Amino acid sequence: MTDANRSALRHWLSDVRESRDPAHNEGIDPCGVRWQRHAEGVLELTPANATRSSDSADAPHPTGKSHGGRYDAVLSCGIHGDETAPIEIVDGILRDIADGRLTLRERVLVILGNPDAVRAGKRYLEYDLNRLFQGAHAKRAESPAVQRARELEVIVAQFFAGVDGVRRVRRHVDMHTAIRASLFSRFAVVPGTPGHPPSEKWIDTLAAADIEAVMRTEQPSVTFSYYTCAQFGAESCTLELGKVAPFGQNRLADFAGIDAALRRWLSGGEMGARDDGKVLRARRFRVAAEIVRRTDAFVLDVPADTPNFTPYAAGTVLARDGENTYTVSHPEERIVFPNPNVANGLRAGVMVVPDA
């Protein structure tokens, strides 16, 4: 057992099945924030000055703004149970909201993706949860991970449907840490679709949060952030914040930029409006190709300790799978998420090139 049951996480991780008493699963904090637990690790928070669906839809908002702020915000972490830095960041935000040190002005769904894996201190227990979204769970045998992916999809869909008929900007920040070192210690994967490419403003917003590099992709995916982007048109991203470490061993000062940006956003400010006024630019890449493991004969010719974003020159053969090979075709390609040990049919690496 990790120390994941401390502080606000103890409340966060409580299971709705532990009690049929509604008071166990919803209430109002002393600061006036309404909370509702939809499932273990899933809390919906509504600002103190917002109305519920049962309240009068015609009631004026104290500030003259629409009920519940400008965003329907989803903030997720712990999709992989050993990625603890994002959990500690979100835990601090939750504690400060509950204690009144951070005034919540946006409606937010806070998700701890895989509580059982968090308790065990493992990436996942039976199957990678971040490979089960966008309907991928329907292609797998029934298991706790499949059930969790299906449950999260339903809860997110209900959340984005809204409560008061007001259409807000939908945004989803899914926070992770990488399993290997990276030439850019804080980077983002920003999904889009041909009809809904990621906006320049959203990419600039992430740069202002100290994200050093952005990978833009419009390729279909089974990740959580692609699901919210493709299904609901959300501004979505997968953030990779440093390297995996146990609870208490993360250098949270390295993530002060994203922590401050999330707090600005949830308290009603602009996520990209830095207090120091600096305008930062992230290195920009686009996904050129994915290396997919097809058979048990797959070989990835990349050392196990290769950092993310390691560059390779044109003509380099990086993978072999029977008669099929992957050869670098651009003047330079960088590899991200290299992992030859994935299941057949899954990606074993992502190749990116500069995004002009």
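Where do I start with the pattern of salt bridges in this structure?
Once the charged atoms of two side chains with opposite charge are near each other, the side chains can pair. Per the counting criterion, the structure on display carries 30 salt bridges. Between R168 and D72 there is a salt bridge, and its shortest N-O distance comes to 3.3 Å. Highlighted residues: R168 in the loop between helix 5 (144–160) and strand 6 (169–178) and D72 in strand 4 (residues 71–77), separated in sequence by 96 residues. On the basis of relative accessible area, R168 is assigned to the buried category, the value being 5%. Taking relative accessible area as the criterion, D72 reaches 2% and is therefore assigned buried.

Which parts of the structure should I look at to understand the confidence of the model for the protein chain?
Close inspection of predicted coordinates is inappropriate in any region flagged by low pLDDT. Residue-level pLDDT values for the protein chain average 88, and 88% of them are 70 or greater. Taken element by element, the protein chain is modelled with least confidence in helix 1 (residues 7–12), mean pLDDT 51, and with most confidence in strand 12 (residues 310–313), mean pLDDT 98. Considering only residues more than four positions removed or in separate chains, one finds that residues 1–8, a stretch of pLDDT under 50, has 21 contacts. Considering only residues more than four positions removed or in separate chains, one finds that residues 52–67, a stretch of pLDDT under 50, has 18 contacts.

Explain the environment of G248 to me, please; I cannot follow it from the model alone.
Looking at where G248 falls in the secondary structure, it is placed in the loop between strand 9 (235–243) and helix 8 (256–266). Under the relative-accessibility criterion, G248 is labelled exposed at 65%. The spacing of G248 and A85 is 163 residues in sequence and 8.6 Å in space, taken between C-alpha atoms.

Can you help me understand the side chain of E83 in this one?
Looking at where E83 falls in the secondary structure, it is placed in the loop between strand 4 and helix 3 (84–98). Engagement of the side chain of E83 in a polar contact is seen with the side chain of H80, the distance being 3.0 Å. Here T177 takes part through its backbone nitrogen, which lies 3.3 Å from a polar atom of the side chain of E83. Beyond its immediate stretch of four places on either side in the chain, E83 contacts R123, H176, T177 and V244.

Whenever I open this one, the side chain of E240 confuses me. Can you help?
If you trace the backbone, E240 turns up in strand 9. For the buried E240, which has no salt bridge, the nearest side chain bearing the opposite charge is R347, at an N-O separation of 6.6 Å. From its side chain, E240 meets the backbone nitrogen of A178 in a polar contact 3.3 Å long. Not counting residues up to four positions away in its chain, the partners in contact with E240 are H176, T177, A178, S185, R186, F187 and F337.

The rules behind each value
Residues numbered from 1 in each chain as written. Predicted model: local features only at pLDDT ≥ 70, side-chain atom pairs only at ≥ 80, totals over all residues. Heavy atoms only, no water. Salt bridge = Lys/Arg side-chain N within 4 Å of Asp/Glu carboxyl O. Helix = DSSP H or I, 4+ residues; strand = E, 2+ residues; numbered from the N terminus. Buried < 20%, exposed > 50% of the residue type's maximum accessible area, 1.4 Å probe, protein only. pLDDT = per-residue confidence, 0-100. Contact = heavy atoms within 4.5 Å. Polar contact = N/O pair within 3.5 Å; in protein donor to acceptor, adjacent residues only side chain to side chain. Lys, Arg positive; Asp, Glu negative; His and termini not counted.

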